[in-house]
Amino acid sequence: MVGTDFGRSGSLEAALDNGRRLLAADPAAAEEQAREILRRNAGNRDGLRLLAAALRRLGRKEEAQEQEMRAIEASGQDPELVESARAIREERWADAERRLRRCLDAQADDPAALNMLAQVAVQAGALDAAETLLRDALQSVPGFVPALLKLGEVLTRLQRPREALAAYGAVLRRKPDHVRAEAALASLRARIGDYAAAVELYGALLAQQPDSPGLWMSYGHVLKTTGRPDDAVAAYRRAAGIDPGFGEAWWSLANLKTVRLGEEDLAAIETALAGPDRDDKAAVNLHFALGKGLEDQRRFESAFGHYSEGNRIRRAMLDHDPDRLTDEVDESIRLFTRSFFAEREGQGAQAADPIFILGMPRAGSTLIEQILSSHSQVEGTSELPYIAALARESVARNPEFAGLPYPRMLAALQPGELRRLGEEYLERAGAHRKTARLFFTDKQPNNWRDIGFIRLILPRARIVDARRHPLACCFSNFKQHFAEGQGFTYSLGDMGRYYRDYVRLLDHFEEAIPGRIHRVIHEDMVEDSEAEIRRLLDYLELPFEPACLRFYENDRAVRTPSAGQVRQPINRDGMDQWKPFEPWLDPLKAALGPALVSWRGV
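Residues numbered from 1 in each chain as written. Predicted model: local features only at pLDDT ≥ 70, side-chain atom pairs only at ≥ 80, totals over all residues. Heavy atoms only, no water.

Visitor: Provide a residue-level description of empty space enclosed by the protein, including the pertinent values.
Guide: With the rule as written, the count across this model stands at four cavities of 30 Å³ or more. In this structure, the largest cavity occupies an estimated 60 Å³ of space. Lining the largest cavity, in full, are Phe341, Arg344, Glu345, Gly346, Gln347, Arg455, Leu456 and Pro459. Class assignment of the residues belonging to the lining of the largest cavity gives a composition of three nonpolar, two polar and three charged. (1 Å grid on protein atoms, 1.4 Å probe; cavity = no way out; pocket = protein on both sides within 12 Å on 5 of 7 lines; lining within 4 Å. Points joined across faces, edges and corners; volume = space filled by probe spheres on them. Nonpolar A, V, L, I, M, F, W, Y, C, P; charged D, E, K, R; others polar.)

Visitor: An account of the side chain of Asn115 is requested, with residue identities and associated values reported.
Guide: Its place among the elements puts Asn115 in helix 7 (residues 111-123). For Asn115, a relative accessible area of 12% corresponds to the buried category. (Helix = DSSP H or I, 4+ residues; strand = E, 2+ residues; numbered from the N terminus. Buried < 20%, exposed > 50% of the residue type's maximum accessible area, 1.4 Å probe, protein only.)

Visitor: I'd love a proper account of the pattern of salt bridges, names of residues and values included.
Guide: As enumerated under the stated definition, the model contains 52 salt bridges in all. Glu90 is the salt-bridge partner of Arg92, the closest N and O atoms lying 2.8 Å from each other. Owing to a relative accessible area of 30%, Arg92 belongs among the partly exposed residues under this scheme. Of the residues examined, Glu90 reaches a relative accessible area of 48% and is grouped as partly exposed. A salt bridge links Glu424 to Arg420, with the nearest nitrogen and oxygen atoms 2.4 Å apart. Of this pair, Glu424 and Arg420 both sit in helix 23 (residues 415-429), four residues apart, roughly one helical turn. Residue class for Glu424 comes out buried when judged on its relative accessible area of 17%. Ionic contacts of the salt-bridge type, sharing partners, join the residues Glu80, Glu90, Arg92, Asp95, Arg98, Arg99 and Arg102 into one network. (Salt bridge = Lys/Arg side-chain N within 4 Å of Asp/Glu carboxyl O.)

Visitor: I'd like a rundown of unusual backbone geometry, residues and numbers included.
Guide: Tyr406 connects to Pro407 through a cis peptide bond whose omega is 10°. Mapped onto the elements, Pro407 comes out in the loop between helix 22 (386-396) and helix 23. Positive phi outside glycine occurs at Gln159, with the angle close to 60°. Structurally, Gln159 is set in the loop between helix 9 (145-157) and helix 10 (161-174).

Visitor: Explain the packing of helix 13 (residues 213-225) against helix 14 (residues 229-242) residue by residue, including any values.
Guide: The contact between helix 13 and helix 14 brings their axes to 8 Å, and the two run at 165°. Classified by the angle between their axes, helix 13 and helix 14 sit roughly antiparallel to one another. Read as a crossing pair, helix 13 and helix 14 show a hand that is left-handed. Of the residues in helix 14, those in contact with Pro213, Trp216, Met217, Tyr219, Gly220, His221, Leu223 and Lys224 of helix 13 are Asp231, Ala232, Ala235, Tyr236, Arg238, Ala239 and Ile242. Its residues assigned to classes, the contact of helix 13 with helix 14 shows ten nonpolar, two polar and three charged. (Axes fitted to C-alpha atoms, helices over the stretch in contact; angles between N-to-C directions. Parallel < 35°, antiparallel > 145°, perpendicular 65-115°, else oblique. Left-handed = near helix turned anticlockwise from the far one by under 90°. Contact = heavy atoms within 4.5 Å.)

Visitor: Give me the lowdown on the pairing of strand 4 (residues 462-467), citing residues and values where you can.
Guide: Along a regular strand, successive side chains alternate from one face of the sheet to the other. For strand 4, the buried fraction is high: six of the six residues fall into the buried class. Because side chains alternate across strand 4, one face comprises the buried residues Arg462, Val464 and Ala466, and the other comprises Ile463, Asp465 and Arg467, equally buried. Relative to strand 4, strand 1 (residues 354-359) runs parallel, the two sharing five bridges. By the bridge assignment for strand 4, Ile357 is matched with Val464. In the sheet, strand 4 pairs with strand 5 (residues 517-521) via five bridges, with the strands oriented parallel. Residue Ala466 lies in a different strand from strand 5, and its bridge partner there is Val520. (Pairing = 2+ DSSP bridges.)

All quantities given are derived from atomic positions and should not be read as evidence of function.
In structure tokens, the structure reads:
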């Protein structure tokens, strides 16, 4: 062994330095040095890390992981890390960041500090930075479960599901019964369309935790998606029974559209709303659920009051600026001209298999997807998040774009980058494909904002615009509490402006890329389904198939709020639901302006 005199001042640091020098040339000697340090300084974090590094070099991975975990536990005694953790709990983010950066200045690869700093980065929305920090932490300690869990969360939010699955899988290999990882994995399996696995995972979790309202609600979502509405109702009711104030369970039940809440249900929701412990998140869900129940009883003024209150609370929680979207649409209209696309002819990935169904939410896009997925050559996936994610990532990957408004920077993307982005979209979308059909749908309504980007990276893709009467569409959104996103739906004024900007941009693209976008008017689809389906298939250059008329027999999974409705033949039930609420829709009419008159694009 290389001896060290621990009696002299600074000798611990000298012994650690000596052990680190030995790691590459003689890891066995480094192990011996580390063990000597720990004999004299039991629980020393740096000694434990030195021992773990030596064991890894010697191929003794399980022993190394044990020492790495001990080193992280020892970090819990570091006063700076203790104060950083307290700052995070108290949401003093700037203070936490300052403290953690001081820790990392002293020890750049400290996994505990890197993991905590990643948490600060996630809170700030800096997901790319958080991923880098977490991967650095895992480079030091590959089995660090908290970092693996956080990495899975970050990768999920970055719309990289396959990598997220790998992160959660790594957790479960180390801790097979880790409930949080199992729940995250179940949710992710459902997100990528592996519903059989999701059902099995939730079933196993509920066997362990039968009194978890959150698990019952998530299980209900999967059951609804896979066409088991009665089982979904039972799951949502079980969640609400366990926790009567659980607003998400009540809203999930009301949001089935095919279920009517009874008097006992409404009384239970009103009791929960009056409870002293309910927070704003619960209140939003409870108001929307109560609004739907009262609407079903034709108590329209009271229903509108609850819809309005739910929207008011939710709008105050969001950072939605309608001016930003208007500016973005103006920029798109200036940039994306016929000549702009002519100059880039032949660029991008040349695949022709994606069919983008876009427009406003609640405009009939789920019905269109259900019809198309009933065709033998089209696979229905879901609302894929990858176009918007890749558009924003293209900015992050090019520092020279900093400060440029979207989409102006897209003009600088080179042919190789455009092709790579198109291929990356296809690779990510591939995680959702289960068949070998020639075409697949991407039914993400908000992709209308990125039509120019789609045209650049996937110029042969087909685009279908799902359009509906503006008052019917906008009010349907106003009374819909979305799980995430759609910040424009929580104010009648915001909603009208959003619809108006959507119509402006689609009108522009009819001029810029004539004949490349096919519009389906929902009201026309209801009135003459066969004629509209034939027109749609002609645009896609697909032969007519009678199965498209019997779309309601298609048992594919449907994740959107319209899941129950598209499993029934087309009917007029939802056509005029906005009309009893017209006395309160003047702010929406004012915001829509000319879009209310020319909504068909004529």
